[in-house]
Amino acid sequence: MTDFLKLVEKRYSCRAYKPDSVPEEYIKLMLEAAGLAPSACNKQPWRFAVITGKEKKTEIFEHGLLPGISAKWISEAPVIITMGIHRSFITHYLAPKISKIDYALIDAGIAGEHLVLQATHQGLGTCWIGWIRPKKIRRIVEWPRSILPIALITVGWPDDSDKITGTNRLPETETIKWIK
Ligand SMILES: Cc1cc2nc3c(=O)[nH]c(=O)nc-3n(C[C@H](O)[C@H](O)[C@H](O)COP(=O)(O)O)c2cc1C
């Protein structure tokens, strides 16, 4: 098995973190990896807001999440990264009207996973959170209306060593078609 596949296998959604802080240098490397993602017309629509302060994290926890998930662990993560998209007119408004493909979301998804895999490489745990209130989060991170928050990514040192890893995945027959 390749080293890269081992790294991909190591990643899982971590929902329990130690209180220890994450060195800024580690976060910078993750953001660097995110910024190297490919994007339609190289428009790089992703935007990130890195939250490490307790006050803002509590605000996110109290106002930025949709109801229905038990998520105390989100506020306990040492770092919450807000991911947003900034749409450019031709690539992200005009082109999708013709193709019906949302390039900005694809681009941001790739960038986010680059970030997550770099974190995994550094021994950090992460979890994507999509069950959010974008407008509330935009206000909390003080982004302009031109940036739409699309996800949070929690980051920290894993505290779930008892977790049984190996996530269920659909059978390949359902997800892959080979055409020869
Ligand atoms: C776009 C996206 C949104 C997600 N939203 C949430 C969420 O709101 N809450 C949560 O606990 N996990 C969330 N997850 C994590 C998924 O539940 C998780 O990736 C999936 O169950 C597979 O498990 P694994 O990441 O451990 O392999 C999200 C993942 C993605 C990619």
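Trainee: With reference to specific residues and values, describe the overall build of the protein.
Mentor: A tally of helices and strands in the protein yields eight helices and four strands. In sequence order, the secondary structure elements of the protein are arranged as α-α-β-α-α-β-α-α-β-α-β-α. Here the C-alpha atoms of the protein give a radius of gyration of 17 Å, agreeing with the 16 Å that 2.2 N^0.38 yields for 180 residues. Here the C-alpha coordinates of the protein stretch approximately 45 × 45 × 35 Å along the principal axes. Taking contacts inside the protein between residues at least 6 apart in sequence as the whole, the part at least 24 apart equals 78%. Counting every atom, the protein has about 11200 Å² of accessible surface; 57% of that belongs to carbon and sulfur. Of the side-chain charges in the protein, 25 are positive and 19 negative, and the distance between the mean point of each set is 9 Å.

Trainee: Quick one: what's the story with the side chain of Asp107, residue by residue and with numbers?
Mentor: Along the chain, Asp107 falls in helix 6 (residues 103-121). For the buried residue Asp107, which engages in no salt bridge, the nearest side chain bearing the opposite charge is Arg87, 8.6 Å off. Among the polar contacts listed, one links the side chain of Asp107 to the backbone nitrogen of Ala40, at a separation of 3.2 Å. Every residue in contact with Asp107, bar those within four places of it in the chain, is listed here: Pro38, Ser39, Ala40, Pro45, Trp46 and His92.

Trainee: I'd love a proper account of the site of the ligand, names of residues and values included.
Mentor: Neighbouring the ligand are Arg11, Tyr12, Ser13, Arg15, Trp73, Cys127, Trp128, Ile129, Gly130, Trp131, Thr167 and Arg169. Arg11 has a polar side-chain atom sitting 2.9 Å from an oxygen atom of the ligand. Its free accessible area being 620 Å², the ligand has 61% of it covered by the protein chains. Split by residue class, the shell around the ligand holds six nonpolar, three polar and three charged.

Trainee: How would you sum up the side chain of Asp160? Please name residues and give values.
Mentor: With respect to the element layout, Asp160 can be found in the loop between strand 4 (147-156) and helix 8 (172-175). Among the polar contacts made by the side chain of Asp160, one reaches the side chain of Tyr12 at a distance of 2.7 Å. Once residues within four sequence positions are removed from consideration, Asp160 is found in contact with Tyr12, Cys14, Arg15 and Ala16.

Trainee: Got a sec to walk through helix 7 (residues 134-141)? Specific residues and values, please.
Mentor: Those residues of helix 7 not exposed but buried are Ile137, Arg138, Ile140 and Val141. Buried residues in helix 7, looked at end-on, bunch into an arc of 165°, giving them a common side. When the buried face of helix 7 is taken as reference, the exposed residues oriented beyond 90 degrees from it are Lys135 and Arg139. Just downstream of helix 7, Glu142 is the residue with a positive phi angle, here 55°.

The rules behind each value
Residues numbered from 1 in each chain as written. Predicted model: local features only at pLDDT ≥ 70, side-chain atom pairs only at ≥ 80, totals over all residues. Heavy atoms only, no water. Helix = DSSP H or I, 4+ residues; strand = E, 2+ residues; numbered from the N terminus. Rg over C-alpha atoms; globule rule 2.2 N^0.38 Å. Contact = heavy atoms within 4.5 Å. Areas by Shrake-Rupley, 256 points an atom, 1.4 Å probe, with all protein chains shown as cover. Lys, Arg positive; Asp, Glu negative; His and termini not counted. Charge placed at Lys NZ, Arg CZ, Asp CG, Glu CD. Buried < 20%, exposed > 50% of the residue type's maximum accessible area, 1.4 Å probe, protein only. Salt bridge = Lys/Arg side-chain N within 4 Å of Asp/Glu carboxyl O. Polar contact = N/O pair within 3.5 Å; in protein donor to acceptor, adjacent residues only side chain to side chain. Near = heavy atom within 4 Å. Nonpolar A, V, L, I, M, F, W, Y, C, P; charged D, E, K, R; others polar. Arc of directions from axis to C-beta.

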